[in-house]
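# Working through the structure, step by step
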Amino acid sequence: MKKLFLLVFTAITTVAFAQNQINHESGNFDFLKDQTEVNVQFIFENATYHEKNLTEEQYLENRKEDIIKKKSPAVWEDWKSQWGKFKSSEFGDYFLKGINEKNKKIVFKKDVQTKYTLIVDAKWIYAGWYGGMIGSQPGKLSATLTFVETEDPSKVVAKLQADKVEGNKGNKEFGWEYGRIAAAYEVTGKKLGKDIKDALKK
């Protein structure tokens with residue numbers, strides 16, 4: 001019985017340890033040693049949302065119903081506008097803020113012509129919740145992070161998996177879903193930037 005308990009505990013600990021971090025799948029960061037800029041592309045088409053793995057359409061429909069019921073149609077219209085803004089630019093901007101904060105030698109940017117491109121492909125997005133003084137649950141992001149040759153994206157030079165990386169209260173919009181998700185993007189960028197910085201020191 002003790003052996004079984006130890007085995008189960010070890011399995012749970014291993015899974016927990018693998019989460020909230022970036023796990024290397026293939027390649028290394030040697031190709032970045034002589035680079036000063038890297039292009040970054042953000043993809044959302046493959047993402048599911050919340051614990052129930054909803055499509056974005058399902059997730060937004062649920063939010064619409066909840067916000068209109070608890071607040072008003074006007075609040076929903078503003079929420080929907082903010083969601084579009086964050087998805088089209090802010091999520092990416094927060095990621096870039098995080099990764100560039102940790103690595104000064106290489107600048108990561110959107111829509112630049114560079115030798116390599118980092119593709120941030122969101123797989124699972126969890127918005128968390130905000131309870132004010134009661135407490136809050138941070139947003140989380142799972143994403144595939146793939147470095148490819150810009151001129152031939154089929155040539156993958158490194159691939160990593162961000163596994164349920166948690167955001168923090170680092171932005172003024174944290175009280176709303178899109179703010180907490182943006183925070184998860186920022187922390188994902190920070191973690192990846194630190195990994196790159198540490199690897200290039202060796």
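Everything here concerns the structure above.
Residues numbered from 1 in each chain as written. Predicted model: local features only at pLDDT ≥ 70, side-chain atom pairs only at ≥ 80, totals over all residues. Heavy atoms only, no water.

The secondary structure content of the protein amounts to four helices and nine strands. Of all 202 residues assigned to the protein, the portion counted as buried reaches 40%. Sequence-distant contacts, at least 24 apart, represent 70% of the contacts inside the protein between residues at least 6 apart. Entry remark: accessible area of the protein is about 11,600 Å², with carbon and sulfur atoms responsible for 53%. (Helix = DSSP H or I, 4+ residues; strand = E, 2+ residues; numbered from the N terminus. Buried < 20%, exposed > 50% of the residue type's maximum accessible area, 1.4 Å probe, protein only. Contact = heavy atoms within 4.5 Å. Areas by Shrake-Rupley, 256 points an atom, 1.4 Å probe, with all protein chains shown as cover.)

The next point concerns the packing of aromatic side chains. Each aromatic ring pair is specified by the distance between its two centres and by the angle formed by the two planes. On inspection of all chains with the given rule, the structure shows 19 aromatic pairs. With 4.8 Å between their ring centres and 65 degrees between their planes, phenylalanine 31 and tyrosine 116 make a pair best called edge-to-face. Of the two residues, phenylalanine 31 is situated in the loop between strand S1 (21–27) and strand S2 (37–43) and tyrosine 116 in strand S5 (residues 116–126); the sequence distance between them amounts to 85 residues. As far as the burial class goes, phenylalanine 31 and tyrosine 116 line up, both buried. With a centroid separation of 5.4 Å and 10 degrees between ring planes, the pair formed by tryptophan 79 and tryptophan 83 is classed as stacked. With tryptophan 79 and tryptophan 83 both in helix H3 (residues 73–102) and four residues apart, the pair spans about one turn of that helix. Pair check on accessibility: tryptophan 79 and tryptophan 83 agree, each one buried. (Phe/Tyr/Trp six-rings, centres within 6.5 Å; stacked < 30°, edge-to-face > 60°.)

Attention now moves to the packing of H3 against helix H4 (residues 177–201). In the contact formed by H3 and H4, the axes pass within 7 Å of each other and the chain directions differ by 20 degrees. The orientation of H3 with respect to H4, classified from their angle, is roughly parallel. Relative to H4, the crossing made by H3 is right-handed. Its residues assigned to classes, the contact of H3 with H4 comprises 13 nonpolar, six polar and eight charged. (Axes fitted to C-alpha atoms, helices over the stretch in contact; angles between N-to-C directions. Parallel < 35°, antiparallel > 145°, perpendicular 65-115°, else oblique. Left-handed = near helix turned anticlockwise from the far one by under 90°. Nonpolar A, V, L, I, M, F, W, Y, C, P; charged D, E, K, R; others polar.)

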